[in-house]
Amino acid sequence: MVERIKREWFSNLRGDILSGIVVALALIPEAIAFSIIAGVDPMVGLYASFCIAVIISFFGGRPGMISAATGSMALVMVPLVKEYGYDYLLAATILTGIIQILFGIFQVAKVMKFIPRAVMIGFVNALAILIFMAQVPHFIGISTMTYVFVAVTLAIVYILPRFVKTIPAPLVAIIVLTAIAIYTKIDLRTIGDLGAITQTLPEFFIPNVPFNFETFLIVFPYSVALAIVGLLESLLTASIVDDMTDTDSDKNKESRGQGIANVVTGFFGGMAGCAMIGQSVINVKSGGRGRLSTLIAGVFLMFFIIVLGDLVVQIPMPVLVGIMIMVSIGTFDWSSFSYLRKAPLSDSVVMLVTVGIVVATDDLSKGVIAGVILSAIFFVSKISRLKVKRNLQNNKIVYEVEGQLFFASTDVFFKSLDFDVEKKDIIIDFSNSRIWDDSAVAVVDKAILKYREKENTVTIIGLDTSSREILHRLAVNHNAS
(Lines give C-alpha, C1' and ligand atoms only; values in the text may rest on other atoms or scores of the structure.)
Protein backbone atom coordinates (compact mmCIF):
# COMPACT_ATOMS: atom_id res chain seq x y z
CA MET A 1 0.00 0.00 0.00
CA VAL A 2 2.76 2.46 1.03
CA GLU A 3 4.76 1.58 -2.07
CA ARG A 4 1.75 2.13 -4.31
CA ILE A 5 1.04 5.54 -2.72
CA LYS A 6 4.65 6.60 -3.25
CA ARG A 7 4.56 5.44 -6.88
CA GLU A 8 1.23 7.07 -7.75
CA TRP A 9 1.70 10.33 -5.80
CA PHE A 10 5.35 11.16 -5.21
CA SER A 11 7.46 9.43 -7.86
CA ASN A 12 7.33 12.37 -10.30
CA LEU A 13 6.95 15.51 -8.15
CA ARG A 14 8.36 18.19 -10.46
CA GLY A 15 6.77 16.77 -13.59
CA ASP A 16 3.36 16.37 -11.95
CA ILE A 17 3.35 19.85 -10.38
CA LEU A 18 4.40 21.69 -13.54
CA SER A 19 2.12 19.71 -15.84
CA GLY A 20 -0.79 20.21 -13.42
CA ILE A 21 -0.31 23.99 -13.59
CA VAL A 22 -0.36 23.88 -17.41
CA VAL A 23 -3.55 21.81 -17.40
CA ALA A 24 -5.19 24.17 -14.88
CA LEU A 25 -4.62 27.13 -17.19
CA ALA A 26 -5.89 25.21 -20.21
CA LEU A 27 -8.98 24.04 -18.28
CA ILE A 28 -10.30 27.54 -17.64
CA PRO A 29 -11.42 28.51 -21.19
CA GLU A 30 -12.76 25.03 -21.89
CA ALA A 31 -14.79 24.92 -18.66
CA ILE A 32 -16.28 28.32 -19.50
CA ALA A 33 -17.03 27.26 -23.09
CA PHE A 34 -18.73 24.03 -21.97
CA SER A 35 -20.84 25.99 -19.48
CA ILE A 36 -22.02 28.22 -22.29
CA ILE A 37 -22.88 25.14 -24.38
CA ALA A 38 -24.95 23.70 -21.53
CA GLY A 39 -26.71 27.04 -21.01
CA VAL A 40 -25.47 27.74 -17.46
CA ASP A 41 -23.25 30.30 -15.72
CA PRO A 42 -19.50 29.96 -16.53
CA MET A 43 -18.77 29.25 -12.86
CA VAL A 44 -20.80 26.01 -13.06
CA GLY A 45 -18.23 24.49 -15.40
CA LEU A 46 -15.31 25.91 -13.41
CA TYR A 47 -16.66 24.56 -10.12
CA ALA A 48 -17.27 21.21 -11.77
CA SER A 49 -13.74 21.05 -13.16
CA PHE A 50 -12.27 21.92 -9.75
CA CYS A 51 -14.36 19.39 -7.79
CA ILE A 52 -14.05 16.54 -10.30
CA ALA A 53 -10.27 16.92 -10.75
CA VAL A 54 -9.65 16.97 -7.00
CA ILE A 55 -11.97 14.04 -6.20
CA ILE A 56 -10.84 11.86 -9.12
CA SER A 57 -7.20 12.32 -8.14
CA PHE A 58 -7.96 10.28 -5.00
CA PHE A 59 -10.64 7.88 -6.22
CA GLY A 60 -9.89 7.39 -9.94
CA GLY A 61 -8.39 4.27 -11.45
CA ARG A 62 -5.98 5.97 -13.89
CA PRO A 63 -3.17 8.11 -12.41
CA GLY A 64 -2.29 11.12 -14.57
CA MET A 65 -5.66 11.29 -16.34
CA ILE A 66 -7.56 14.59 -16.18
CA SER A 67 -11.30 14.69 -15.54
CA ALA A 68 -13.44 17.83 -15.55
CA ALA A 69 -16.46 19.39 -17.27
CA THR A 70 -16.59 18.21 -20.90
CA GLY A 71 -18.28 19.17 -24.15
CA SER A 72 -19.81 15.74 -24.76
CA MET A 73 -21.56 15.84 -21.38
CA ALA A 74 -22.60 19.48 -21.89
CA LEU A 75 -24.41 18.57 -25.11
CA VAL A 76 -26.57 16.01 -23.26
CA MET A 77 -27.52 18.63 -20.65
CA VAL A 78 -28.87 21.27 -23.04
CA PRO A 79 -32.53 20.10 -23.22
CA LEU A 80 -32.71 19.53 -19.44
CA VAL A 81 -31.39 23.00 -18.62
CA LYS A 82 -33.68 24.67 -21.18
CA GLU A 83 -36.84 22.94 -19.96
CA TYR A 84 -36.28 22.55 -16.22
CA GLY A 85 -33.40 24.79 -15.16
CA TYR A 86 -30.17 24.72 -13.20
CA ASP A 87 -31.33 22.89 -10.06
CA TYR A 88 -32.61 19.94 -12.07
CA LEU A 89 -29.20 19.80 -13.76
CA LEU A 90 -27.57 19.45 -10.34
CA ALA A 91 -30.04 16.70 -9.39
CA ALA A 92 -29.26 14.91 -12.65
CA THR A 93 -25.53 15.27 -11.94
CA ILE A 94 -25.90 13.60 -8.53
CA LEU A 95 -27.99 10.76 -9.99
CA THR A 96 -25.43 10.39 -12.80
CA GLY A 97 -22.75 9.82 -10.19
CA ILE A 98 -24.84 7.22 -8.38
CA ILE A 99 -25.42 5.32 -11.64
CA GLN A 100 -21.71 5.40 -12.46
CA ILE A 101 -20.85 4.06 -9.00
CA LEU A 102 -23.25 1.17 -9.67
CA PHE A 103 -21.59 0.65 -13.07
CA GLY A 104 -18.26 0.33 -11.28
CA ILE A 105 -19.62 -2.02 -8.61
CA PHE A 106 -21.14 -4.32 -11.25
CA GLN A 107 -17.97 -4.08 -13.36
CA VAL A 108 -19.62 -2.64 -16.45
CA ALA A 109 -16.14 -1.53 -17.55
CA LYS A 110 -15.74 -5.02 -18.99
CA VAL A 111 -17.65 -3.75 -22.04
CA MET A 112 -14.38 -2.10 -23.14
CA LYS A 113 -13.24 -5.45 -24.55
CA PHE A 114 -16.13 -5.27 -27.03
CA ILE A 115 -14.86 -2.02 -28.58
CA PRO A 116 -12.79 -2.95 -31.67
CA ARG A 117 -9.46 -1.31 -32.52
CA ALA A 118 -11.00 0.32 -35.60
CA VAL A 119 -13.50 2.12 -33.36
CA MET A 120 -10.72 3.19 -30.98
CA ILE A 121 -8.71 4.67 -33.86
CA GLY A 122 -11.83 6.42 -35.16
CA PHE A 123 -12.61 7.78 -31.69
CA VAL A 124 -9.11 9.22 -31.28
CA ASN A 125 -9.03 10.78 -34.75
CA ALA A 126 -12.52 12.24 -34.41
CA LEU A 127 -11.61 13.75 -31.08
CA ALA A 128 -8.48 15.30 -32.56
CA ILE A 129 -10.58 16.83 -35.34
CA LEU A 130 -13.16 18.15 -32.85
CA ILE A 131 -10.42 19.69 -30.68
CA PHE A 132 -9.02 21.48 -33.74
CA MET A 133 -12.45 22.59 -35.00
CA ALA A 134 -13.29 24.00 -31.56
CA GLN A 135 -10.28 26.34 -31.89
CA VAL A 136 -11.20 27.67 -35.34
CA PRO A 137 -13.65 30.37 -34.12
CA HIS A 138 -10.97 31.72 -31.80
CA PHE A 139 -8.33 32.48 -34.44
CA ILE A 140 -9.71 32.37 -38.00
CA GLY A 141 -10.55 35.78 -39.44
CA ILE A 142 -9.96 37.74 -36.22
CA SER A 143 -6.68 39.65 -36.65
CA THR A 144 -3.16 39.34 -37.96
CA MET A 145 -1.71 39.39 -34.43
CA THR A 146 -3.94 36.46 -33.51
CA TYR A 147 -2.28 34.39 -36.22
CA VAL A 148 1.15 35.60 -35.05
CA PHE A 149 0.51 34.57 -31.44
CA VAL A 150 -0.83 31.16 -32.50
CA ALA A 151 2.24 30.61 -34.68
CA VAL A 152 4.68 31.72 -31.95
CA THR A 153 2.91 29.48 -29.42
CA LEU A 154 3.29 26.48 -31.73
CA ALA A 155 6.93 27.33 -32.29
CA ILE A 156 7.56 27.44 -28.55
CA VAL A 157 5.77 24.16 -27.73
CA TYR A 158 7.56 22.28 -30.52
CA ILE A 159 11.04 23.84 -30.47
CA LEU A 160 11.67 24.61 -26.78
CA PRO A 161 11.55 20.94 -25.60
CA ARG A 162 14.63 20.25 -27.77
CA PHE A 163 16.65 22.56 -25.52
CA VAL A 164 14.74 22.78 -22.21
CA LYS A 165 13.06 19.73 -20.70
CA THR A 166 12.73 20.81 -17.07
CA ILE A 167 9.79 23.19 -17.64
CA PRO A 168 6.77 22.29 -19.82
CA ALA A 169 6.85 24.28 -23.04
CA PRO A 170 3.11 25.13 -22.89
CA LEU A 171 3.63 26.76 -19.48
CA VAL A 172 6.50 28.85 -20.87
CA ALA A 173 4.32 29.89 -23.83
CA ILE A 174 1.45 30.97 -21.56
CA ILE A 175 3.62 33.00 -19.17
CA VAL A 176 5.87 34.67 -21.77
CA LEU A 177 3.20 35.51 -24.36
CA THR A 178 0.71 36.70 -21.73
CA ALA A 179 3.37 39.04 -20.33
CA ILE A 180 4.13 40.35 -23.83
CA ALA A 181 0.43 40.86 -24.61
CA ILE A 182 -0.18 42.75 -21.36
CA TYR A 183 3.00 44.87 -21.64
CA THR A 184 2.48 45.83 -25.29
CA LYS A 185 -1.31 46.12 -24.95
CA ILE A 186 -1.87 44.23 -28.19
CA ASP A 187 -5.56 43.91 -29.07
CA LEU A 188 -6.22 40.18 -28.63
CA ARG A 189 -9.17 38.16 -27.42
CA THR A 190 -8.66 36.89 -23.89
CA ILE A 191 -10.15 34.29 -21.53
CA GLY A 192 -12.20 37.09 -19.99
CA ASP A 193 -14.06 37.55 -23.28
CA LEU A 194 -15.62 34.09 -22.90
CA GLY A 195 -17.54 34.91 -19.71
CA ALA A 196 -17.44 36.52 -16.29
CA ILE A 197 -15.45 34.81 -13.54
CA THR A 198 -16.55 35.10 -9.90
CA GLN A 199 -13.66 34.92 -7.45
CA THR A 200 -15.38 32.71 -4.86
CA LEU A 201 -15.12 29.10 -3.72
CA PRO A 202 -18.00 26.69 -4.43
CA GLU A 203 -20.43 26.22 -1.55
CA PHE A 204 -22.30 23.10 -0.46
CA PHE A 205 -26.04 23.15 -1.05
CA ILE A 206 -28.84 20.74 -1.88
CA PRO A 207 -30.54 21.27 -5.27
CA ASN A 208 -33.86 23.05 -4.92
CA VAL A 209 -36.07 20.39 -6.53
CA PRO A 210 -39.04 18.40 -5.19
CA PHE A 211 -37.76 15.09 -3.82
CA ASN A 212 -40.45 12.90 -5.36
CA PHE A 213 -40.91 10.27 -8.05
CA GLU A 214 -41.90 12.86 -10.67
CA THR A 215 -38.51 14.58 -10.32
CA PHE A 216 -36.81 11.19 -10.59
CA LEU A 217 -38.65 10.48 -13.86
CA ILE A 218 -37.56 13.86 -15.24
CA VAL A 219 -33.84 13.54 -14.48
CA PHE A 220 -33.40 9.76 -14.82
CA PRO A 221 -33.23 9.60 -18.66
CA TYR A 222 -30.66 12.42 -18.73
CA SER A 223 -28.68 10.84 -15.90
CA VAL A 224 -28.50 7.49 -17.68
CA ALA A 225 -27.35 9.20 -20.89
CA LEU A 226 -24.76 11.27 -18.98
CA ALA A 227 -23.53 8.20 -17.08
CA ILE A 228 -23.05 6.19 -20.28
CA VAL A 229 -21.44 9.02 -22.25
CA GLY A 230 -19.16 9.89 -19.33
CA LEU A 231 -18.16 6.31 -18.68
CA LEU A 232 -17.54 5.60 -22.36
CA GLU A 233 -15.36 8.68 -22.83
CA SER A 234 -13.51 8.05 -19.56
CA LEU A 235 -12.73 4.42 -20.33
CA LEU A 236 -11.60 5.19 -23.87
CA THR A 237 -9.42 8.03 -22.59
CA ALA A 238 -7.99 5.72 -19.91
CA SER A 239 -7.07 3.19 -22.59
CA ILE A 240 -5.35 5.89 -24.65
CA VAL A 241 -3.36 7.14 -21.62
CA ASP A 242 -2.50 3.50 -20.82
CA ASP A 243 -0.93 3.22 -24.27
CA MET A 244 0.84 6.60 -24.05
CA THR A 245 2.42 5.79 -20.68
CA ASP A 246 2.81 2.03 -21.17
CA THR A 247 0.98 1.42 -17.89
CA ASP A 248 -2.28 -0.20 -16.86
CA SER A 249 -5.36 1.18 -15.09
CA ASP A 250 -8.33 -0.10 -13.12
CA LYS A 251 -11.34 0.66 -15.33
CA ASN A 252 -13.96 -0.37 -12.74
CA LYS A 253 -12.30 1.79 -10.09
CA GLU A 254 -12.29 4.63 -12.61
CA SER A 255 -16.04 4.22 -13.06
CA ARG A 256 -16.61 4.34 -9.30
CA GLY A 257 -14.29 7.33 -9.00
CA GLN A 258 -16.10 9.23 -11.75
CA GLY A 259 -19.37 8.48 -9.95
CA ILE A 260 -18.11 9.75 -6.59
CA ALA A 261 -16.74 12.88 -8.27
CA ASN A 262 -20.06 13.66 -9.97
CA VAL A 263 -22.07 13.10 -6.77
CA VAL A 264 -19.84 15.56 -4.88
CA THR A 265 -19.88 18.02 -7.79
CA GLY A 266 -23.67 18.08 -7.88
CA PHE A 267 -23.77 19.21 -4.24
CA PHE A 268 -21.26 22.00 -4.90
CA GLY A 269 -23.00 23.61 -7.86
CA GLY A 270 -21.10 21.90 -10.67
CA MET A 271 -22.26 20.08 -13.81
CA ALA A 272 -21.50 16.43 -14.53
CA GLY A 273 -18.13 15.70 -16.10
CA CYS A 274 -15.80 12.93 -17.13
CA ALA A 275 -12.27 12.30 -18.42
CA MET A 276 -10.91 14.77 -20.97
CA ILE A 277 -8.63 13.31 -23.61
CA GLY A 278 -7.31 16.72 -24.70
CA GLN A 279 -6.29 17.78 -21.19
CA SER A 280 -5.00 14.28 -20.42
CA VAL A 281 -2.74 14.46 -23.49
CA ILE A 282 -1.51 17.91 -22.38
CA ASN A 283 -0.78 16.47 -18.95
CA VAL A 284 1.14 13.46 -20.26
CA LYS A 285 3.08 15.46 -22.86
CA SER A 286 3.97 18.04 -20.20
CA GLY A 287 5.44 15.32 -17.99
CA GLY A 288 2.48 14.44 -15.77
CA ARG A 289 2.24 10.81 -14.73
CA GLY A 290 0.87 10.56 -11.20
CA ARG A 291 -2.25 11.42 -9.25
CA LEU A 292 -0.57 14.58 -7.99
CA SER A 293 -0.78 16.12 -11.47
CA THR A 294 -4.59 15.77 -11.46
CA LEU A 295 -4.85 17.18 -7.93
CA ILE A 296 -2.60 20.12 -8.82
CA ALA A 297 -4.71 20.82 -11.91
CA GLY A 298 -7.87 21.08 -9.80
CA VAL A 299 -6.31 23.04 -6.94
CA PHE A 300 -4.48 25.51 -9.19
CA LEU A 301 -7.60 25.98 -11.32
CA MET A 302 -9.36 27.39 -8.27
CA PHE A 303 -6.19 29.22 -7.13
CA PHE A 304 -5.97 31.00 -10.49
CA ILE A 305 -9.64 31.96 -10.32
CA ILE A 306 -9.68 33.24 -6.73
CA VAL A 307 -6.19 34.66 -6.25
CA LEU A 308 -5.09 35.51 -9.79
CA GLY A 309 -8.49 35.94 -11.40
CA ASP A 310 -7.78 39.46 -12.64
CA LEU A 311 -4.58 38.23 -14.29
CA VAL A 312 -5.98 34.97 -15.65
CA VAL A 313 -8.73 36.73 -17.61
CA GLN A 314 -5.98 38.56 -19.54
CA ILE A 315 -4.40 35.36 -20.91
CA PRO A 316 -4.68 35.68 -24.72
CA MET A 317 -6.91 33.10 -26.36
CA PRO A 318 -4.46 32.62 -29.29
CA VAL A 319 -1.92 31.16 -26.83
CA LEU A 320 -4.40 28.56 -25.57
CA VAL A 321 -5.53 27.94 -29.15
CA GLY A 322 -1.94 27.16 -30.12
CA ILE A 323 -1.61 24.70 -27.23
CA MET A 324 -4.87 22.96 -28.16
CA ILE A 325 -3.78 22.75 -31.82
CA MET A 326 -0.64 21.00 -30.56
CA VAL A 327 -2.90 18.64 -28.62
CA SER A 328 -5.04 17.87 -31.67
CA ILE A 329 -1.92 17.16 -33.78
CA GLY A 330 -0.51 14.92 -31.06
CA THR A 331 -3.83 13.15 -30.52
CA PHE A 332 -4.47 12.31 -34.17
CA ASP A 333 -3.26 8.83 -35.12
CA TRP A 334 -1.28 9.64 -38.27
CA SER A 335 -0.59 5.96 -38.90
CA SER A 336 -4.31 5.53 -39.62
CA PHE A 337 -3.71 6.58 -43.24
CA SER A 338 -1.56 3.49 -43.81
CA TYR A 339 -4.07 1.56 -41.68
CA LEU A 340 -6.78 2.40 -44.22
CA ARG A 341 -4.69 0.80 -46.98
CA LYS A 342 -3.66 -2.30 -45.07
CA ALA A 343 -6.68 -3.12 -42.90
CA PRO A 344 -9.66 -5.18 -44.12
CA LEU A 345 -12.29 -3.09 -45.89
CA SER A 346 -14.80 -3.64 -43.07
CA ASP A 347 -12.39 -2.24 -40.46
CA SER A 348 -11.62 0.78 -42.63
CA VAL A 349 -15.33 1.46 -43.07
CA VAL A 350 -15.91 1.19 -39.32
CA MET A 351 -13.12 3.68 -38.60
CA LEU A 352 -14.37 6.19 -41.18
CA VAL A 353 -18.00 5.87 -40.03
CA THR A 354 -16.95 6.43 -36.40
CA VAL A 355 -15.02 9.56 -37.37
CA GLY A 356 -17.81 10.83 -39.64
CA ILE A 357 -20.61 10.46 -37.10
CA VAL A 358 -18.61 12.00 -34.24
CA VAL A 359 -17.57 15.01 -36.34
CA ALA A 360 -21.08 15.45 -37.75
CA THR A 361 -22.88 15.24 -34.39
CA ASP A 362 -20.19 16.55 -32.00
CA ASP A 363 -21.13 13.51 -29.92
CA LEU A 364 -18.41 10.96 -29.18
CA SER A 365 -20.84 8.38 -27.79
CA LYS A 366 -22.95 8.26 -30.97
CA GLY A 367 -19.91 7.65 -33.14
CA VAL A 368 -18.52 4.94 -30.86
CA ILE A 369 -21.88 3.19 -30.50
CA ALA A 370 -22.42 3.31 -34.28
CA GLY A 371 -18.92 1.94 -34.83
CA VAL A 372 -19.47 -0.93 -32.40
CA ILE A 373 -22.82 -1.82 -33.97
CA LEU A 374 -21.36 -1.70 -37.47
CA SER A 375 -18.42 -3.87 -36.35
CA ALA A 376 -20.87 -6.37 -34.90
CA ILE A 377 -22.82 -6.47 -38.16
CA PHE A 378 -19.65 -7.04 -40.18
CA PHE A 379 -18.52 -9.71 -37.72
CA VAL A 380 -21.85 -11.56 -37.86
CA SER A 381 -21.81 -11.33 -41.64
CA LYS A 382 -18.28 -12.75 -41.74
CA ILE A 383 -18.82 -15.70 -39.40
CA SER A 384 -22.23 -16.52 -40.84
CA ARG A 385 -20.58 -17.79 -44.03
CA LEU A 386 -21.37 -21.48 -43.84
CA LYS A 387 -20.73 -24.25 -46.38
CA VAL A 388 -22.36 -27.66 -46.58
CA LYS A 389 -20.66 -30.30 -48.78
CA ARG A 390 -22.61 -33.37 -49.95
CA ASN A 391 -20.76 -36.68 -50.38
CA LEU A 392 -21.70 -40.34 -50.93
CA GLN A 393 -19.93 -42.83 -48.65
CA ASN A 394 -20.87 -46.54 -48.67
CA ASN A 395 -24.35 -45.76 -49.95
CA LYS A 396 -24.79 -43.13 -47.24
CA ILE A 397 -25.35 -39.44 -47.86
CA VAL A 398 -22.88 -37.41 -45.83
CA TYR A 399 -23.24 -33.65 -45.32
CA GLU A 400 -20.04 -31.99 -44.08
CA VAL A 401 -20.82 -28.67 -42.41
CA GLU A 402 -18.10 -26.02 -42.36
CA GLY A 403 -18.59 -22.80 -40.41
CA GLN A 404 -20.54 -21.56 -37.42
CA LEU A 405 -24.20 -22.54 -37.16
CA PHE A 406 -26.22 -19.84 -35.40
CA PHE A 407 -29.20 -17.60 -36.08
CA ALA A 408 -27.55 -15.84 -39.05
CA SER A 409 -26.49 -19.00 -40.87
CA THR A 410 -29.46 -21.32 -40.29
CA ASP A 411 -31.10 -20.40 -43.60
CA VAL A 412 -27.98 -21.34 -45.59
CA PHE A 413 -27.70 -24.63 -43.70
CA PHE A 414 -31.30 -25.66 -44.32
CA LYS A 415 -31.28 -24.73 -48.02
CA SER A 416 -28.09 -26.76 -48.56
CA LEU A 417 -29.78 -30.02 -47.63
CA ASP A 418 -31.60 -32.22 -50.16
CA PHE A 419 -34.92 -33.38 -48.71
CA ASP A 420 -36.16 -35.24 -51.82
CA VAL A 421 -34.37 -38.49 -50.92
CA GLU A 422 -36.25 -41.48 -49.45
CA LYS A 423 -35.22 -44.40 -47.22
CA LYS A 424 -31.58 -43.32 -47.06
CA ASP A 425 -28.98 -43.12 -44.32
CA ILE A 426 -28.22 -39.45 -43.78
CA ILE A 427 -25.14 -38.34 -41.84
CA ILE A 428 -24.63 -34.69 -40.86
CA ASP A 429 -21.02 -34.10 -39.87
CA PHE A 430 -20.28 -31.14 -37.57
CA SER A 431 -16.55 -31.86 -37.15
CA ASN A 432 -15.72 -28.50 -38.77
CA SER A 433 -18.64 -26.62 -37.31
CA ARG A 434 -20.23 -25.66 -34.04
CA ILE A 435 -23.82 -25.23 -32.87
CA TRP A 436 -24.14 -21.96 -30.96
CA ASP A 437 -27.73 -21.11 -30.10
CA ASP A 438 -31.39 -22.10 -29.98
CA SER A 439 -31.94 -21.07 -33.61
CA ALA A 440 -29.21 -23.50 -34.69
CA VAL A 441 -30.73 -26.32 -32.62
CA ALA A 442 -34.16 -25.57 -34.06
CA VAL A 443 -32.96 -25.81 -37.68
CA VAL A 444 -31.14 -29.11 -36.99
CA ASP A 445 -34.29 -30.40 -35.35
CA LYS A 446 -36.35 -29.27 -38.32
CA ALA A 447 -34.00 -30.96 -40.80
CA ILE A 448 -34.10 -34.28 -38.91
CA LEU A 449 -37.89 -34.20 -38.75
CA LYS A 450 -38.16 -33.42 -42.48
CA TYR A 451 -35.85 -36.34 -43.39
CA ARG A 452 -37.78 -38.74 -41.19
CA GLU A 453 -41.01 -37.85 -42.98
CA LYS A 454 -39.64 -39.86 -45.95
CA GLU A 455 -38.37 -42.74 -43.83
CA ASN A 456 -34.73 -41.61 -43.84
CA THR A 457 -32.48 -42.28 -40.85
CA VAL A 458 -30.43 -39.34 -39.65
CA THR A 459 -27.22 -39.46 -37.61
CA ILE A 460 -25.33 -36.45 -36.40
CA ILE A 461 -21.58 -36.81 -35.83
CA GLY A 462 -18.56 -34.66 -35.01
CA LEU A 463 -20.18 -32.53 -32.31
CA ASP A 464 -17.86 -30.89 -29.80
CA THR A 465 -18.81 -30.93 -26.12
CA SER A 466 -20.56 -27.56 -26.16
CA SER A 467 -22.59 -28.36 -29.30
CA ARG A 468 -23.58 -31.77 -27.95
CA GLU A 469 -24.78 -30.28 -24.68
CA ILE A 470 -26.96 -27.59 -26.27
CA LEU A 471 -28.38 -30.06 -28.80
CA HIS A 472 -29.28 -32.64 -26.15
CA ARG A 473 -30.77 -29.95 -23.93
CA LEU A 474 -32.96 -28.21 -26.53
CA ALA A 475 -33.56 -30.62 -29.43
CA VAL A 476 -36.60 -32.84 -29.73
CA ASN A 477 -35.42 -35.05 -32.61
CA HIS A 478 -31.77 -36.02 -32.62
CA ASN A 479 -29.41 -38.94 -32.85
CA ALA A 480 -25.98 -37.52 -32.13
CA SER A 481 -22.70 -39.34 -31.79
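Residues numbered from 1 in each chain as written. Predicted model: local features only at pLDDT ≥ 70, side-chain atom pairs only at ≥ 80, totals over all residues. Heavy atoms only, no water.

By the naming in an unreviewed UniProt entry, the protein is SulP family inorganic anion transporter, taken from Fervidibacillus albus. As stated in UniProt under Subcellular location (unreviewed entry), the record for the protein gives "Membrane". (UniProt positions renumbered as here; feature names shortened; annotations may be inferred.)

*Asks:* Would you explain the pairing of strand β6 (residues 457-461) in this entry?
*Replies:* Residues in a regular strand project their side chains so that they alternate between the two faces of the sheet. Of the two faces of β6, the one lined by V458 and I460 is fully buried and the one lined by T457, T459 and I461 carries no buried residue. Direction of pairing for strand β5 (residues 425-435) relative to β6: parallel, over a ladder of 5 bridges. Residue pairing across strands places D429 opposite I461, the latter belonging to β6. Once you follow β5 into helix α19 (residues 438-452) and on to β6, the crossover reads as right-handed. (Buried < 20%, exposed > 50% of the residue type's maximum accessible area, 1.4 Å probe, protein only. Helix = DSSP H or I, 4+ residues; strand = E, 2+ residues; numbered from the N terminus. Pairing = 2+ DSSP bridges. Right-handed = clockwise from strand over helix to strand, strands pointing away.)

*Asks:* Which parts of the structure should I look at to understand the packing of helix α2 (residues 13-38) against helix α8 (residues 169-184)?
*Replies:* Between two packed helices, the angle of one axis relative to the other and the distance separating the axes together describe the packing. Look at α2 against α8: their axes get within 9 Å of each other, and the N-to-C directions meet at 50°. As judged from the angle between their axes, α2 and α8 are oblique. Where α2 crosses over α8, the handedness of that crossing is left-handed. For the pair formed by α2 and α8, the contact residues are L18, I21, V22 and L25 on the first element and P170, L171 and I174 on the second. Split by residue class, the contact of α2 with α8 holds 7 nonpolar, no polar and no charged. (Axes fitted to C-alpha atoms, helices over the stretch in contact; angles between N-to-C directions. Parallel < 35°, antiparallel > 145°, perpendicular 65-115°, else oblique. Left-handed = near helix turned anticlockwise from the far one by under 90°. Contact = heavy atoms within 4.5 Å. Nonpolar A, V, L, I, M, F, W, Y, C, P; charged D, E, K, R; others polar.)

*Asks:* I tried to follow helix α7 (residues 144-159) on my own but got confused; where do I start?
*Replies:* Working note: α-helix, 3.6 residues per turn, so residues spaced by three or four point in the same direction. Under the 1.5 Å per step criterion, the end-to-end length of α7 is 22 Å for 16 residues, consistent within 8% with the ideal 22 Å. Among the residues making up α7, those that are buried are T146, F149, V150, T153, I156 and V157. Buried residues of α7, viewed axially, fall in a sector of 125°; they line one side. Tucked inside the fold, the buried residues of α7 contact α8 and α14 (317-331). (Expected span 1.5 Å × (residues − 1). Arc of directions from axis to C-beta.)

*Asks:* What should I look at first to understand the sheet that holds strand β4 (residues 396-405) in this one?
*Replies:* Working definition: the strands of a sheet are paired by backbone hydrogen bonds and lie parallel or antiparallel to each other. In spatial order, the strands read β3-β4-β5-β6; together these 4 strands make up an open sheet with mixed pairing. Each edge of the open sheet carries a strand with a single partner, namely β3 (387-393) and β6. Ignoring strand direction, the axes of neighbouring strands in this sheet form an average angle of 20°. In the sheet, β4 pairs with β5 via 9 bridges, with the strands oriented parallel. Considered in β5, the bridge of E400 is made with D429. Those strands touched by α19 are β4, β5 and β6, and its axis lies near 170° from that of β5. Each of β5 and β6 touches helix α20 (residues 465-474); the most contacted strand, β5, lies at about 120° to it.

*Asks:* Mind showing me how you'd approach the packing of α2 against helix α4 (residues 71-84) here?
*Replies:* For the pair α2 and α4, the least separation of the axes is 7 Å and the interaxial angle reads 30°. Here α2 is positioned roughly parallel relative to α4, judged by the angle of their axes. Contacts from F34, I37 and A38 of α2 reach α4 at G71, A74, L75, M77, V78 and V81. Of the residues contributing to the contact of α2 with α4, the split by class is 8 nonpolar, 1 polar and no charged.

*Asks:* Explain the side chain of T190 to me, please; I cannot follow it from the model alone.
*Replies:* Take T190: it is sitting in the loop between α8 and α9 (213-245). Judged by relative accessible area, which is 16%, T190 ranks as buried. Separated by 3.0 Å, the side chain of T190 and the backbone oxygen of V313 make a polar contact. Leave out the neighbours within four places in its chain, and T190 touches V313, Q314, I315, P316 and M317. (Polar contact = N/O pair within 3.5 Å; in protein donor to acceptor, adjacent residues only side chain to side chain.)

*Asks:* How should I be thinking about the packing of aromatic side chains in this particular structure?
*Replies:* Think of a pair of aromatic rings as described by two things: how far the centres are apart, and how the planes are tilted against each other in angle. Taken as a whole, this structure holds 18 aromatic pairs when the rule is applied. Taking 5.4 Å as the distance between ring centres and 40° as the angle between the ring planes, the aromatic pair formed by Y84 and Y88 counts as tilted. What links up through ring pairs into an aromatic cluster is the set Y399, F414, F419 and Y451. Positioned above the aromatic ring of W436 is the side chain of R434, whose terminal nitrogen or guanidinium carbon lies 4.2 Å from the ring centre. The side chain of K450 reaches across the aromatic face of F419, ending 5.8 Å from its centre. (Phe/Tyr/Trp six-rings, centres within 6.5 Å; stacked < 30°, edge-to-face > 60°. Lys NZ or Arg CZ within 6 Å of the ring centre and 35° of its normal.)

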